[in-house]
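# Examining the three-dimensional arrangement
Spelled out from the first residue to the last, the chains are:
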Amino acid sequence: MTGAILDTAFAAAFALAEPAADAAHGAATHAGDHGAGHGGMSGGALMALIPLLPLFAAALVGLLACFNEKSKLPAYASVGILGVSFLLTLITYLGWDGHSVIRVGLWDWISLSWGDGVGESLTANFAFYFDGLSLLWMLFVTGLATLIGLYASEYMSHDVGLGYCRFFGAFNLFVFSMSCLVMGDNLLMLFLGWEGVGLCSYLLIGYYYKKKAAVDAGMKAFVVNRIGDLGLLIGTLLTFTTFGSVEYASLFESINANTTATGAPLDATWQVWAIPLLLMAGAFGKSAQLFFYVWLPDAMEGPTPVSALIHAATMVTAGVYLVARMMPLYVADSHLIALTVVTWGGAITAFWAATIAMAQYDIKRIMGYSTISQLGYMFAGLGVLATTGGVFHVFTHAFFKATLFLSCGAVMHGFAGQLDLRKLSGLWKVPGFQIVTIAMLIGCLNLAGFPLTAGYFSKDMILAEAFTTPDSQIGASSWAGWLMLLTAGLTAYYTFRVFFRVFVGPVEYHAGDEDHGGDHEVDAEAAAAIDESHEDDAAHGHHGFHPHAPGWAMNLVLVVLAGASILAAGLYFVGDHHGWAGGMVHGSATYFDPAHVGDHAAAVIGEAGESADDHAAHAHGTILGMDPHKVMYYISGVVGFVGIGIAFVLHFAGRTEAATSKADALARAIEPVHRWAEGKWFVDEFYNFIIVTPLKVISHLFHWFDKLVIDGIVELFGGAPKVGSDTLAPASQTGVLHDYALRMIAGVAVVLVVVALVLY
Amino acid sequence: MIQAGFETGLLLAQAPFPEAMGAATLNHYLFVSAAMFALGLIGFMTRRNLIIMFLCTELMFQAAGLAMIAFGRYHMNFDGQTFVIFVLTIAAAEAAMALALVVLLFRKRESLDADLWAELKG
Amino acid sequence: MDAATLESTIHPLLLYVACAVGALGVIIAMPRKGVSPALIGGVLAAAAAGMVIMGLLLTRPEGAGMPNLFFHAFAILALGGGLRMITHPKPVYAALYFILTIIASSGLYLLLSAEFMAFALIIIYAGAILITYLFVIMLATQSPDETQDEALSVYDSTAREPIAATTAGFVLLALLTTMLFRGTGGLPIRPGLDSSDAILASLPGKVEDALLRDLREAELLDESEGFARMGDTGKLVIDTEARTILAAPLVIEGAADEIVETNRYVEVPEEMWPEELEGTNVEALGLNLLGEHPMTIEIAGIVLLMAMLGATVLARKQVDLEEEAKARQQRRLAVEGRR
């Protein structure tokens, strides 16, 4: 039935597909000549279903909530629908010719006009924009959402009922919002999705709304994101005032032609660096980069599937997407100011977060910080003009970080919320956790940049490009490269610190006390039931606690994701343009030729020039006098090995119990540094001191001003007659009708006497 | 047609009705109206029986109606009379509601004394 | 001091003295414990009214005569009824006196050429509203117990603050009527006469029914002629002074242009001009009501409906039949049903 309705809707809507070369004209004409598109109605309808199906699923789950559904139906319905959405994305991808832009219009969303001139009308249709970039994003967004939804169906099983519906409702809504963000045809659609994912993130972080930490974390995420979103909003408005449009097609056309709405050359205006910087503020907020990253570690209070999907794989990469999408604008500035800031912001964030991650004990938080760190890599990659590397890293990271998070979630699920790596050890030998351990190992290898893993290749592309890009283009990019190389070592260390502490070594575990915020009895009972056959494990002195091994859904998802993480490495060798991701980027509307960037503002965008591969033709930077593209494989491999080795020595070799390791001695040796790193460099406290405290003081001042002065004036007017009547005429309030009537008449008589005296 | 003097009053009685009234001025009617209104007002203030109080309001309605018809007559249009129709309407509605309320109040206290209802004392 | 100055000072003074006397009369007539000489009060109040009428006489316009007997009779009846209504201790009598006031008022309405309103007043007020009042009075009056001689409640037999209230009321009256003594012209003769043309013209059916056939029989109007209508309003063109009416040839299809030239005024003979052809008060009122205040009628209807509903809701008695009574009722119904 739904399909029929949608089909009718799409028959009325306009749908078109046109080659990239024509895309530029689309903005002005696509409302008129919708019959001309050769994408066909059915194709457009299928593509439009990709975001609409999750929306439908959200509504369906809401409906189920209304009927008080007490089964796992919401989860399976969601997974099914998301799966269809993924399949549609896949079909779209397979049918995509590799270079064109497909635009699918649904309906006129915003269409304002207050004049005939340029920039005096605003068009933002509810339309979708498919090119390589958005297809790549949509592939892993819908794919991972399906898998993680399946995982969550088991993970959230302790909450079956309204909570379950709430979770999946927000989950589906998130996928819809993310689709709008990625597939939107204009910046306003992107903003709509941007705020939508922010809202869903808030809802899901605060899923355990009875837990104060979770509620606070949700609020923090929301508030911190608002600051960045302000930048995005102003950037969008500035884009509109500058180019007279917010639609990608016409924006890219203007940027290509190096003109603004007024016809002035774009690279001579201040907007050319202001807009990218403002958009970058939004991106940094959403992607938890420098100054804004504080919300992400706290967001780990949400259920683990949420952390995996939203706060590791998809939503936090929205910032990367924004920068990648608006790349033509970034490279339009001949000084590349914004890109330099992006590079250094990313590199410093990567290093900074890695140092914090090294000293944390909560494994999920470590993963959170590593996400921040890896996002830093992605931004740095974009900054050093390695869009392919950045985007590929987004792709690979999505899989291996989801794997890592879901493994952590399995541990958390099995050990009643225990996440402290000092209280878990040797899980490899705990029955039922072998798959988790293997998945974790694969994730860790990827994250650490172990040679020939997907993470290794994607990280290499960024690192190599950081050295390749001349310092004259991006300020001191090779220094950023060194910093990132160091960070790669740190990453390998803290990643395997977790692995060696938790998954191997002597068997020892202590149950967590909070049981991931849900019910307590059910889980304990389930654990007891499942592990009945493993009575002997209790001999390890775990106070009769039985770990709760993950079920089929969680294991299946872990296997699939781990497999995908491995297979993603193969994508590096596919295609002509630095792997599959390179091909996708190359085929997107935002492709540019890095060789030309900075020469002049009119960087050739969308041009099918093959010169991008031809690095030899251009002077570029080196690493210690060698070609970065050739030696980086070895250098980063060595760095990864060193990090893993240090972790092995400090956290595995000779460790006899869970709580201590040789690293403790080292930590004591550098006690102040360790304490500061463990305290996350006290950034939260610093922010509290410089922002929250003054705000509170000011609010209190305003509160008292409001209460004393404003309210005082109001109450004076109300209170004076009351006091007057209470003190002067208490006897007059008799309540007897006649008295009031008499006084009223007497009053009228007095007035009339006055009137008569004046008249006569 | 225009009769002068009180002594011709008896003759007037035989005169055609509308024409005989030429001698009365608007002021005469307005005075009757004002006096009637004042009586209603005084009654409202002095009588303690709820029903009589409402009767007094009806008297005030009457006074207003008389004034309106007199004005309408003086200004030669029918709006005054039209308005009296609406005054009658409102009076009827008011009587229905007021009497229903009176019956309710009477049921509560078994008395029509307005002074018994003084809960709104300040 | 010339006569004019004397007049202008006497009139307000006369009025104020009259008000004072009237107030005294009302105070005396008010019900109270012991004697309440309503008769003395009434006489005083009547004297006051007489003084006012004298004052009004002094300010009458040049050449205007006294109002006739009917006005005085109705005014005295209305005011006397009102006075007695507010002073009579027994509610039923008060209501009856109010009916007297109503009837006297309708007499005044008649004098004011408002015939329809006069009778409507009697029907609605005296007939409907006051009867409702009487019902409620009877419903809500306590039956006398053994200690009381008659069914007169304390709250009926004593006035509340008679002096203050009466003073306030008469001060108000004096102030309201001060202006009256500046004088106005006499009432215009025959209201509606000026506009009866228009009223008649708005009532084509009436004119045609009465005149068309007669005029044709008298051959003053040709068979092919009818009454002309104004193009924009569709009204007839009647001159009541000259007793003429505009006639026009009956409209023939396709020949509309030639009509204008053959229009003519037909003089209606005296005996053919029926009296009822003048616009009456009811017709004028109806036209005014429906033509100019249609929305108000709707609102009045809604007000009445709401009042009806409100009264129903308010006065609904919470009947709390006992179980036994209910059972009895059911048995009775069952027996009746079997019959």
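Residues numbered from 1 in each chain as written. Chains lettered and ligands numbered in written order. Predicted model: local features only at pLDDT ≥ 70, side-chain atom pairs only at ≥ 80, totals over all residues. Heavy atoms only, no water.

## As for the overall build of chain B
In plain terms, the rule: Each helix is a run of DSSP H or I of at least 4 residues and each strand a run of E of at least 2, with the numbering of both proceeding from the N terminus. For the exposure calls, accessible area comes from a 1.4 Å probe over protein chains only, and a residue counts as buried if that area is under 20% of its type's maximum, exposed if over 50%, partly exposed in between. Two residues form a contact once any of their heavy atoms are found within 4.5 Å. Working definition of accessibility: Shrake-Rupley area with a 1.4 Å probe, residue cover restricted to the visible protein chains.
Per the secondary structure count, chain B includes 5 helices and 0 strands. Listing the helices and strands of chain B from first to last along the sequence gives α-α-α-α-α. For chain B, the proportion of its 122 residues judged to be buried stands at 63%. Taking as baseline every contact in chain B between residues at least 6 positions apart, the subset at least 24 positions apart corresponds to 55%. Summed over all atoms, the accessible surface of chain B reaches about 4500 Å², with 70% contributed by carbon and sulfur.

## What to know about the interface of chain C and chain A
To keep it simple, the criterion reads: Buried area, as used here, totals the accessible surface that two parts lose on assembly, with accessibility defined by a 1.4 Å probe and the loss added over both. Here, a salt bridge means any Lys or Arg side-chain nitrogen found within 4 Å of an Asp or Glu carboxyl oxygen. For the purposes of these results, a polar contact is taken to be a pair of N or O atoms within 3.5 Å, where, inside protein, one atom must be able to donate a hydrogen and its partner to accept one; residues adjacent in sequence count only when each atom of the pair is a side-chain atom. Under the scheme applied here, ten amino acids are nonpolar (Ala, Val, Leu, Ile, Met, Phe, Trp, Tyr, Cys and Pro), four are charged (Asp, Glu, Lys and Arg), and all others, including Gly, are polar.
Taken together, the contact between chain C and chain A spans 12 residues of the former and 12 residues of the latter. Note on chain C versus chain A: buried area summed over both sides is about 980 Å², and carbon and sulfur give 77% of it. Joining chain C to chain A, the criterion identifies 0 salt bridges. The interface formed by chain C and chain A contains 0 residue pairs in polar contact (both at pLDDT 80 or more). Its residues placed into classes, the side of chain C that touches chain A shows 8 nonpolar, 1 polar and 3 charged.

## Brief notes about the pairing of strand β3 (residues 244–249) of chain C
Residue and element names in this part refer to chain C. For clarity, the threshold we go by: When DSSP finds two or more bridges between two strands, those strands count as paired.
For β3, a buried count of 5 out of 6 residues is recorded, marking the element as mostly surrounded by other parts of the structure. Direction of pairing for strand β1 (residues 225–227) relative to β3: antiparallel, over a ladder of 3 bridges. By the bridge assignment for β3, Gly226 is matched with Ala248. Two elements, strand β2 (residues 238–239) and β3, share 2 bridges in a ladder whose sense is antiparallel. Following the sheet pairing, Asp239 is matched in β3 by Thr244. Two elements, β3 and strand β4 (residues 264–267), share 4 bridges in a ladder whose sense is antiparallel. Pairing of Ile245 across the sheet is with Val266, part of β4.

## Things to note about a nonpolar patch on the surface
Selection criterion: Excluding any residue in a salt bridge, patches collect residues exceeding 30% relative accessible area, merging like charges within 9 Å and nonpolar Val, Leu, Ile, Met, Phe, Trp and Tyr side chains within 5 Å.
Taken together, Ile698, Phe702, Trp704, Phe705, Leu708, Val709, Ile710, Ile713, Val714 and Phe717 of chain A make up a surface patch of nonpolar side chains, about 1000 Å² in accessible area. Inspection of the secondary structure assignment puts Ile710 of chain A in helix α27 (residues 683–728).

## Here's the deal with the pattern of salt bridges
Residues and elements named next belong to chain A. According to the stated counting rule, one finds 15 salt bridges over all chains in the structure shown. Note that Lys211 and Glu301 form a salt bridge whose closest N and O atoms lie 3.1 Å from each other. Remark: Glu301 occurs in the loop between α11 (295–298) and α12 (304–313) and Lys211 occurs in the loop between α7 (187–205) and α8 (212–243); sequence separation between them is 90 residues. The exposure class assigned to Glu301 is buried, which follows from its relative accessible area of 18%. A salt bridge links Arg365 to Glu301; the nearest nitrogen and oxygen atoms lie 3.6 Å apart. Placement of the pair is Arg365 in helix α16 (residues 363–383) and Glu301 in the loop between α11 and α12, with a sequence separation of 64 residues. Shared partners join several salt bridges into a network, and the residues in it are Lys211, Lys220, Asp298, Glu301, Asp362, Arg365 and Asp684.

## Some words on the nonpolar core
Quick reminder of the rule: Grouping buried Ala, Val, Leu, Ile, Met, Phe, Trp, Tyr and Cys residues that are joined through side-chain atoms within 4.5 Å yields what is termed a nonpolar core.
Within the largest apolar cluster, 207 residues are counted, with the highest numbers of intra-cluster contacts made by Trp137, Phe140, Leu144 and Tyr330 of chain A. The biggest single contributor to this core is helix α5 (residues 132–155) of chain A, with 16 residues.

## A look at empty space enclosed by the protein
Residue and element names in this part refer to chain A. Here is the rule we go by: Computed over the protein atoms alone on a 1 Å grid, cavities are sets of points where a 1.4 Å probe fits but cannot get out and pockets are open sets with protein on both sides within 12 Å along at least five of seven lines; a residue lines them when it has an atom within 4 Å of a point. Grid points are joined across faces, edges and corners, and a volume is the space filled by probe spheres set on the points.
Applying the stated criterion to the full structure yields 8 cavities of 30 Å³ or more. Taken as a whole, the largest cavity encloses approximately 60 Å³ of empty space. As for the largest cavity, its lining consists of Tyr293, Val294, Pro297, Asp298, Arg365, Tyr369, Lys680, Val683 and Asp684. For the lining of the largest cavity, the secondary-structure elements that each account for two or more residues are α11, α16 and α27. For the lining of the largest cavity, the residue count by class is 5 nonpolar, no polar and 4 charged.

## Examining unusual backbone geometry
A positive phi angle is found at Glu110 of chain B, which is not glycine, with a value near 55°. Structurally, the position occupied by Glu110 of chain B is in the segment after α5 (79–109). Look at Ser113 of chain C: it is not a glycine, yet its phi comes out positive at around 60°. The residue Ser113 of chain C is located in the loop between α4 (91–111) and α5 (115–139) in this model. Residue Ser113 of chain C is classed as buried on the basis of its relative accessible area, which comes to 8%.

## Observations concerning the packing of helix α15 (residues 337–358) of chain A against helix α20 (residues 477–502) of chain A
Residues and elements named next belong to chain A. Let me state the cut-off plainly: Comment: axis = line fitted to C-alpha atoms, over the contacting stretch for helices; angle = value between 0 and 180 degrees taken between N-to-C directions. Orientation is classified from the angle alone, with under 35 degrees giving roughly parallel, over 145 giving roughly antiparallel, 65 to 115 giving roughly perpendicular, and any other angle giving oblique. For any helix crossing, the convention is left-handed if the near helix is rotated counterclockwise from the far helix by under a right angle, and right-handed if that rotation is clockwise.
For the pair α15 and α20, interaxial distance at closest approach is 9 Å and the crossing angle is 25°. Relative to α20, the element α15 lies roughly parallel. For the element pair α15 and α20, the recorded crossing hand is left-handed. Contacts between α15 and α20 involve Thr343, Trp344, Ala347, Ile348, Ala350, Phe351, Ala354, Thr355, Ala357 and Met358 on the former and, on the latter, Trp479, Ala480, Leu483, Met484, Leu486, Thr487, Leu490, Tyr493, Tyr494 and Arg497. Residues of the contact of α15 with α20, tallied by class, amount to 16 nonpolar, 3 polar and 1 charged.

## As for the layout of surface pockets
Put simply, the largest pocket is a space of about 570 Å³. Breaking the lining of the largest pocket down by element, the ones donating at least two residues are α8 and α27 of chain A.

## Some remarks on the confidence of the model for chain A
All names here are of chain A. What counts is decided by this rule: Within a predicted model, pLDDT stands for the predictor's per-residue confidence, ranging from 0 to 100.
With 85% of its residues at a pLDDT of at least 70, chain A reaches an overall mean of 80. Mean pLDDT across the secondary structure elements of chain A bottoms out at helix α2 (residues 20–29), with 37, and peaks at α7, with 92. A low-confidence stretch, residues 515–542 stays under pLDDT 50, and its non-local contacts, those more than four residues away or across chains, total 35 contacts.

## Some details on the interface of chain B and chain C
With 81 residues of chain B in contact, the opposing surface of chain C contributes 97 residues. Summed over both partners, the interface of chain B with chain C comes to about 8500 Å²; 76% of that surface belongs to carbon and sulfur atoms. Area buried by chain B at its contact with chain C is led by Phe31, Arg73 and Phe78 of chain B, which between them contribute 9% of it. On inspection of chain B and its partner chain C, the count reaches 0 salt bridges. Inspection of the region where chain B meets chain C yields 8 residue pairs in polar contact (both at pLDDT 80 or more). The set of elements that each furnish at least two residues to the side of chain B that touches chain C consists of α1 (9–14), α2 (17–20), α3 (26–46), α4 (50–74) and α5 of chain B. For the side of chain B that touches chain C, the element with the highest residue contribution is α5 of chain B, accounting for 23 residues. Within the side of chain B that touches chain C, the residues separate by chemical class into 56 nonpolar, 15 polar and 10 charged.

## Here we look at the packing of α16 of chain A against helix α17 (residues 387–414) of chain A
Residues and elements named next belong to chain A. Their axes nearest at 9 Å, the elements α16 and α17 cross at an angle of 175°. Here α17 runs roughly antiparallel to α16, going by the angle between their axes. The segment α16 lies against α17, with Ile363, Lys364, Met367, Gly368, Ser370, Thr371, Gln374, Tyr377, Met378, Gly381 and Leu382 engaging Thr387, Gly390, His393, Val394, His397, Lys401, Leu404, Phe405, Cys408, Val411 and Met412. Residues belonging to the contact of α16 with α17 are distributed by class as follows: 11 nonpolar, 9 polar and 2 charged.

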